[in-house]
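# Examining the three-dimensional arrangement
Listed here are the chains, written in short residue letters.
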Protein chains: 2
Amino acid sequence: MKISVNYSEDYQSLLTEELHNKLEATHDFIQSKTGLGSDFLGWVNWPSSTQQAFLQDIKQTAEHIRSNSDVLVVIGIGGSYLGSKAVLESLATPFQKDSQLEVIFAGQLVSGAYLKQLITYLDSKEVTLNVISKSGTTTEPAIAFRFLRQYMEARYGEEAAARIIVTTDEEKGALLSLAKEKGYKRYVVPEDIGGRYSVFTAVGLLPIAAAGHNIDQLIAGAKQAEEEFQVMDVHSNAAIKYAVIRNHLYGKGYPVEIMATFDEKLKYVQEWWKQLFGESEGKEGKGIFPASVLYSTDLHSLGQYIQDGKRMLFETFLMVEQVSDDLTVFEAEDNRDELNYLSGLTLHDFNKACHEATASAHLDGGVPQITLTMEQLDEEHIGHLLYFYMMTCAYSAYLLDINPFDQPGVEDYKRNIFKILKKPGY
Amino acid sequence: MKISVNYSEDYQSLLTEELHNKLEATHDFIQSKTGLGSDFLGWVNWPSSTQQAFLQDIKQTAEHIRSNSDVLVVIGIGGSYLGSKAVLESLATPFQKDSQLEVIFAGQLVSGAYLKQLITYLDSKEVTLNVISKSGTTTEPAIAFRFLRQYMEARYGEEAAARIIVTTDEEKGALLSLAKEKGYKRYVVPEDIGGRYSVFTAVGLLPIAAAGHNIDQLIAGAKQAEEEFQVMDVHSNAAIKYAVIRNHLYGKGYPVEIMATFDEKLKYVQEWWKQLFGESEGKEGKGIFPASVLYSTDLHSLGQYIQDGKRMLFETFLMVEQVSDDLTVFEAEDNRDELNYLSGLTLHDFNKACHEATASAHLDGGVPQITLTMEQLDEEHIGHLLYFYMMTCAYSAYLLDINPFDQPGVEDYKRNIFKILKKPGY
């Protein structure tokens, strides 16, 4: 199970001695948990150190939720939202209820209309809440939880406490204090793992398991990636290779990366990726700006810009080799739609040809290109993919001499809003 | 009903005599339909020339669809998809079935799994198809239509023809020829209106009306915008003002525009906007690269990059003054979530404060800013908004000496794919 990394130019020539040395030092920083932001390197060995007992507990809770609920409302923002959302959407089957449990997110935005309509919807369903917040005081999810907890208590009375699960700091915070008092089931947001690196913790695992997916395989895929990327090799280590190419292109005047995929199921992996890279790298006036497109849809939209617009973009295709299901174009008696030349081809064949065609066109248009290829979309491969991205992101930021693991910039708007709304203490 | 345009710097100082002259010339090009791409200026006076009989016919068809169908499958890509999608999502009520009719899109991407699962879903519903394609041979929707037409004919037999509606060229093309032969109801994609400018034609109006929305008001809003923007005034004409500021910022080294909104319902207006501007401006190595964020969600994601990353972005907030529904934060006995300072505030008040806080933080971080404000999200205001964007986009492209109305760059990948798959003639 590998992710292959292909570059439209010569990779070898990027590997100067200076870069080699920097990569080796970076590799050491990451693996030995030293270097910038090293307090937050818990994710590096998390997959291999995941205990069976922990996974078993999550699965039991998930089973319990599935047995007594129609809907799991997950309250969280940032990494407490995007990790689960990415995995759930990549495994979802459109138009069909995969599992009996519906996962709905709240608190990732602030909307009275949304919460009111959600509450009306919940009235006809059995509900469990999972509120995810390290501190318990992050404003947006705290607002959603204030309303949804009131709803649960009004509706379920004493039973509400058995229907609220809290994922929060192990030792302190408002949410922990409340959970202890009320007797909510509790899971931990590890001290040394930041939000955008948290999908393999209870933050992601509980919603993913509750939705009916296999978290053992998700962790197994991540674990395989963890082992794979322990190898310091600039050719075989995909996380290193992708980071090197990105950094090179950034230095050559390509500060915008467009992540392109032909599979709509990867749309929220794209959103998760934008947080991971944008929030890790966007500091000190530096960083590659992450954007995303879905093909073929956006070939009829941003495609024109990518082909002919300002030359400051590079494009990274994320291709999936096998699809879960497919159709074969049939020969039609009436060929006025001019499609008979495709007869006998599957739609996946078509997309692969479309990728080739687009890659070639964009390259000719002056858009440097990277192609990442994974085998298929299942829990194991998605676990592997997400770990890959986390690891490559760490290298990427370190190559820019940036701490990948903090996010000081988000404090500015928060401080401002507290001042404007006169929060005590501000 | 106005859209106000506010700039974080001094607007007056941008208005040189040279620019004035260029704007006046551009205004003439647009209003008199001369200048680059003038074959495709039909959208300029389309709202005011919309006939009652035409709208009545659309509404009758919509009523008929609602009377005999549970699902309308709309097959189209690019402008034949994004216009309807933008309007439908901006008027949708999450978790509730607004209308009895569900609108599902197909052909905006190529996926065997998606089509198969869609067809299985449709088995338990009554279905109408609306296939939208000027030529009838655009590959991606043609593929979807080949499968879905086969499904409809197998399922409904002779009745299928009464359940397929075609929106295509008035005089030629494969889809027109098929529609005439089979007796499908037909609507016209006007000769002089390009895909990304087509939302007010039958391309957008039929799906929007079928979903239960008021297309009279949508057109009325667009008509008001049409009249408003006939006035050549660099201060009061919002379409001119926004275009001038964008162009100025592009020239000052800000080639990426981030459209930010606090209302999730505007997410597909953002997608539509990205096609409109990306496809109109992204030519000859020029153009502002359009990106989008949804707040507060992305304040915990790309927010860090916007605050502190590479300084090449400007941010345009699209704010909505009134919301359709809201909640007021209540005072809680247990204030450990620290939210009592918000008690008595609505969530919309919170978002407004969040906007102020974010705008101020990002400005301090070196991100030039434009704020567009509209009154509310209903058919009339959305019609007004979309026309505003179309008009301002035309000015924007002309200021870069670009033809806004063609899209030569998308031909490259199409030619390539035909060669790769050996389409006859390539």
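Parameters at a glance
- Residues numbered from 1 in each chain as written.
- Chains lettered and ligands numbered in written order.
- Predicted model: local features only at pLDDT ≥ 70, side-chain atom pairs only at ≥ 80, totals over all residues.
- Heavy atoms only, no water.
- Contact = heavy atoms within 4.5 Å.
- Buried area = accessible area lost by both parts, 1.4 Å probe.
- Salt bridge = Lys/Arg side-chain N within 4 Å of Asp/Glu carboxyl O.
- Pairing = 2+ DSSP bridges.
- Helix = DSSP H or I, 4+ residues; strand = E, 2+ residues; numbered from the N terminus.
- Axes fitted to C-alpha atoms, helices over the stretch in contact; angles between N-to-C directions.
- Expected span 1.5 Å × (residues − 1).
- Buried < 20%, exposed > 50% of the residue type's maximum accessible area, 1.4 Å probe, protein only.
- Least-squares fit on C-alpha atoms with pLDDT ≥ 70 in both.
- Polar contact = N/O pair within 3.5 Å; in protein donor to acceptor, adjacent residues only side chain to side chain.
- Domains from an automatic or database assignment.
- Lys, Arg positive; Asp, Glu negative; His and termini not counted.
- Core = buried A, V, L, I, M, F, W, Y, C linked by side-chain atoms within 4.5 Å.

## Considering the interface of chain B and chain A
- If you look at the interface, chain B gives 117 residues, while chain A gives 117 residues.
- On the chain B side of the contact with chain A, B:Phe95, B:Arg146 and B:His300 bury the most area, a combined 9% of that side's loss.
- For the interface between chain B and chain A, the tally reads 10 salt bridges.
- Notably, a salt bridge pairs B:Glu181 with A:Arg336, separated by 2.5 Å at the nearest N-O pair.

## Description of the sheet that holds strand β3 (residues 102-106) of chain A
Residue and element names in this part refer to chain A.
- The five strands lie next to each other as β3-β2-β4-β5-β6, forming an open sheet whose pairing is parallel. For this open sheet the edge positions go to β3 and β6 (185-188), each flanked by a neighbour on one side alone. On average, each strand axis in the sheet is inclined to that of its neighbour by 20°, with strand direction left out of account.
- Bridge count between strand β2 (residues 71-75) and β3: five bridges; the pairing is parallel.

## Overview of helix α11 (residues 267-281) of chain A
- Between its terminal C-alpha atoms α11(A) stretches 21 Å, which fits the 21 Å expected from 15 residues at 1.5 Å a residue.
- With respect to burial, α11(A) is a largely interior element, 14 of its 15 residues being buried.

## Topic: the side chain of B:Lys423
- The residue B:Lys423 is located in the segment after α15 (410-420) in this model.
- Overall, the relative accessible area of 8% leaves B:Lys423 in the buried class.

## Some thoughts on the relation of the copies chain B and chain A
- With an RMSD of 0.0 Å, the fit of chain B onto chain A corresponds to turning through 180° and sliding 0.0 Å along the axis. In short, the pair behaves as if placed about a two-fold rotation axis. Among all C-alpha atoms of chain B, that of B:Ala291 lies closest to the rotation axis, at 3.5 Å.
- Both copies contact each other with a shared surface, as 100% of the interface residues of chain B are interface residues in chain A too.

## Brief notes about the environment of B:Asn237
Residue and element names in this part refer to chain B.
- As for its position among the elements, Asn237 is in the loop between α9 (215-228) and α10 (238-251).
- Between the C-alpha atom of Asn237 and that of Leu118, which follows or precedes it by 119 residues, the distance is 45 Å.
- Setting aside residues no more than four positions away along its own chain, Asn237 makes contact with Glu228, Phe229, Val231 and Tyr395.

## Some details on helix α9 (residues 215-228) of chain A
All names here are of chain A.
- Here α9 contains 14 residues, and its C-alpha end-to-end distance of 20 Å stays within 8% of the 20 Å for a straight helix at 1.5 Å per residue.
- Within α9, the full set of buried residues consists of Ile215, Leu218, Ile219, Gly221, Ala222, Ala225, Glu226 and Glu228.
- Contact partners of the buried residues in α9: α2 (46-49), α3 (52-68), α4 (79-91), α8 (202-210) and α14 (379-399).
- If you check the start of α9, you find a side-chain oxygen 3.0 Å away from the backbone N of Asp216, and it comes from Asn214.

## Some points on the domain arrangement of chain A
Residue and element names in this part refer to chain A.
- By domain assignment, chain A separates into domain 1 (4-32 + 220-408) and domain 2 (46-213).
- The distance between the C-alpha centroids of domain 1 and domain 2 comes to 30 Å.
- Domain 1 puts 28 residues into the contact, and the matching count from domain 2 is 20 residues.
- Each partner contributes to the roughly 2000 Å² buried at the junction of domain 1 and domain 2, and carbon and sulfur atoms together form 67% of this total.
- If you sort the residues of domain 1 by the area they bury against domain 2, Lys265, Tyr268 and Met390 come out on top, with a joint share of 29%.
- At the boundary of domain 1 and domain 2, one finds one salt bridge.
- Among the ionic pairs, Arg196 bridges to Glu279, the shortest N-O distance being 3.0 Å.

## Section: unusual backbone geometry
- In the segment running from A:Tyr295 into A:Ser296, the intervening peptide bond is cis, with an omega of 5°.
- Within the secondary structure, A:Ser296 sits in the loop between β8 (289-294) and α12 (303-308).
- Phi angles above zero are rare outside glycine, and A:Asp401 is one such case at about 60°.
- Following the sequence through the fold, A:Asp401 ends up in the loop between α14 and α15 (410-420).
- Residues other than glycine seldom take positive phi values, yet B:Glu284 does so here, at roughly 55°.

## Details of the side chain of A:Lys241
Residues and elements named next belong to chain A.
- Tracing the backbone through its elements, the reader meets Lys241 in helix α10 (residues 238-251).
- One buried charged residue, Lys241, forms no salt bridge at all, with the nearest opposite charge on Asp10 at 9.1 Å.
- Here Val5 takes part through its backbone oxygen, which lies 2.9 Å from a polar atom of the side chain of Lys241.

## Description of the nonpolar core
- Counting 130 residues, the largest nonpolar core has A:Val73, A:Leu148, A:Phe289, B:Val73, B:Leu148 and B:Phe289 as the members making the most contacts within it.
- When sequence neighbours within four positions are dropped, the list of residues in contact with A:Val73 reads A:Ile104, A:Ala106, A:Leu118, A:Leu122, A:Val127, A:Thr128, A:Leu129, A:Asn130 and A:Leu148.

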